[in-house]
Amino acid sequence: MKIVGVGCGPGMLTAEAAGVIAGASLVYGSVRAIALARDAILPGSEVHEIADYRSLRSLPAHAVVLSTGDPMLAGLGYLPGEVVPGISSLQVAFARLKVPLARAAVVSAHGKDHARAIAEAREEVARGRVVFLIADPAFDVGALAAALPPETRLAVCEDLGYPEERIAAGTAAEPPAPRGELYVVVAGEF
């Protein structure tokens with residue numbers, strides 16, 4: 001099986017990923033991942049929306065599984081098989097904010113314990129790292145801000161790569177608020 005990153009937004013499919021997808025006869029992905037890769041999927045390919053992520057390990061060897069962003073950043077890179085990287089939301093957010101990737105500390109709060117993620121983010125900021133926090137719609141940016149020194153910079157990066165992309169910046173004292181459900185938070189000195 002091949003796990004292929006399709007980028008975090010439209011037009012971010014790499015040539016390598018497009019080639020793998022174009023050669024696939026069996027493709028699995030979320031609705032969003034399939035939409036991002038649609039132009040590379042050849043007519044006649046069998047395409048399935050993933051209904052049960054636990055069943056992905058049992059797919060046939062010739063299956064291609066699409067992962068939004070990069071499969072190794074909170075994606076499907078844990079599956080057996082070859083991984084074809086994609087352009088991640090981390091890369092796009094840090095490029096937009098002009099923060100070197102070498103300063104990044106990745107914290108995931110997506111479908112996980114938010115209090116633990118906030119504590120981990122606070123520790124990383126105290127170490128001088130710039131936190132890239134993968135949020136979910138229930139994540140409370142205000143709770144993160146309250147846990148950080150007031151001068152800490154915060155950015156909410158929404159819909160990265162899409163026409164409606166929005167980056168709102170502030171500080172822990174005056175944190176930006178997300179407007180939608182597809183966002184990440186960057187926190188630290190940048």
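Residues numbered from 1 in each chain as written. Predicted model: local features only at pLDDT ≥ 70, side-chain atom pairs only at ≥ 80, totals over all residues. Heavy atoms only, no water.

A.B. asks: For this particular structure, what's the right way to read helix 4 (residues 114-126)?
C.D. replies: Residues lying three or four places apart along an α-helix face the same way, a consequence of the helix completing one turn every 3.6 residues. For helix 4, spanning 13 residues, the distance from its first C-alpha to its last is 18 Å, which sits close to the expected 18 Å at 1.5 Å a residue. Among the structural elements, strand 6 (104-108), strand 7 (130-134), helix 5 (141-147) and strand 10 (183-188) are those in contact with the buried residues of helix 4. Put simply, D113 is the residue that caps the front of helix 4, since its side-chain oxygen is 3.0 Å from the backbone nitrogen of A115. Backbone geometry just downstream of helix 4 places G128 in the positive-phi region, at approximately 90°. (Helix = DSSP H or I, 4+ residues; strand = E, 2+ residues; numbered from the N terminus. Expected span 1.5 Å × (residues − 1). Contact = heavy atoms within 4.5 Å. Polar contact = N/O pair within 3.5 Å; in protein donor to acceptor, adjacent residues only side chain to side chain.)

A.B. asks: I keep staring at the pattern of salt bridges and nothing clicks. Help me out?
C.D. replies: When the charged atoms of two side chains with opposite charge come close together, those side chains can pair. Under the criterion given, the structure shown has 5 salt bridges. Taking the shortest distance from any N to any O, the salt bridge between D52 and R54 comes out at 3.2 Å. The closest approach of N and O atoms between E124 and R127, which form a salt bridge, is 3.1 Å. Residue E124 is classed as buried on the basis of its relative accessible area, which comes to 17%. Given the relative accessible area of 55%, R127 is considered exposed. (Salt bridge = Lys/Arg side-chain N within 4 Å of Asp/Glu carboxyl O. Buried < 20%, exposed > 50% of the residue type's maximum accessible area, 1.4 Å probe, protein only.)

A.B. asks: Just checking my understanding: could you explain the UniProt feature "domain: Tetrapyrrole methylase" (unreviewed entry) in the chain for this structure?
C.D. replies: Those residues carrying the UniProt feature "domain: Tetrapyrrole methylase" (unreviewed entry) are residues 2-174 in this numbering. Overall, residues 2-174 shows 25% helix and 24% strand. The separation of its end C-alpha atoms is 44 Å. (UniProt positions renumbered as here; feature names shortened; annotations may be inferred.)

A.B. asks: Would you explain the sheet that holds strand 10 in this entry?
C.D. replies: Sheet strands pair via backbone hydrogen bonds, and the direction of the pair is either parallel or antiparallel. Taken in spatial order, the 5 strands of this open sheet run 6-7-10-8-9, and their pairing is mixed. The sheet is open, and its two borders are formed by strand 6 and strand 9 (166-171), each paired with just one other strand. Geometrically, the sheet is characterised by an average inter-axis angle of 20° between neighbouring strands, direction not taken into account. (Pairing = 2+ DSSP bridges. Axes fitted to C-alpha atoms, helices over the stretch in contact; angles between N-to-C directions.)

A.B. asks: I tried to follow the pairing of strand 4 (residues 64-67) on my own but got confused; where do I start?
C.D. replies: Both faces of the sheet carry side chains from a regular strand, because those side chains alternate between them. With burial as the criterion, each face of strand 4 is covered, one bearing V64 and L66 and the other bearing V65 and S67. Here strand 1 (residues 2-5) pairs with strand 4 via 4 bridges, running parallel. When the bridges of strand 4 are listed, G5 appears paired with S67. Sheet topology note: the strand 2 (residues 26-29)/strand 4 ladder contains 2 bridges and is parallel. Bridging across to strand 4, V27 finds its partner in V64.

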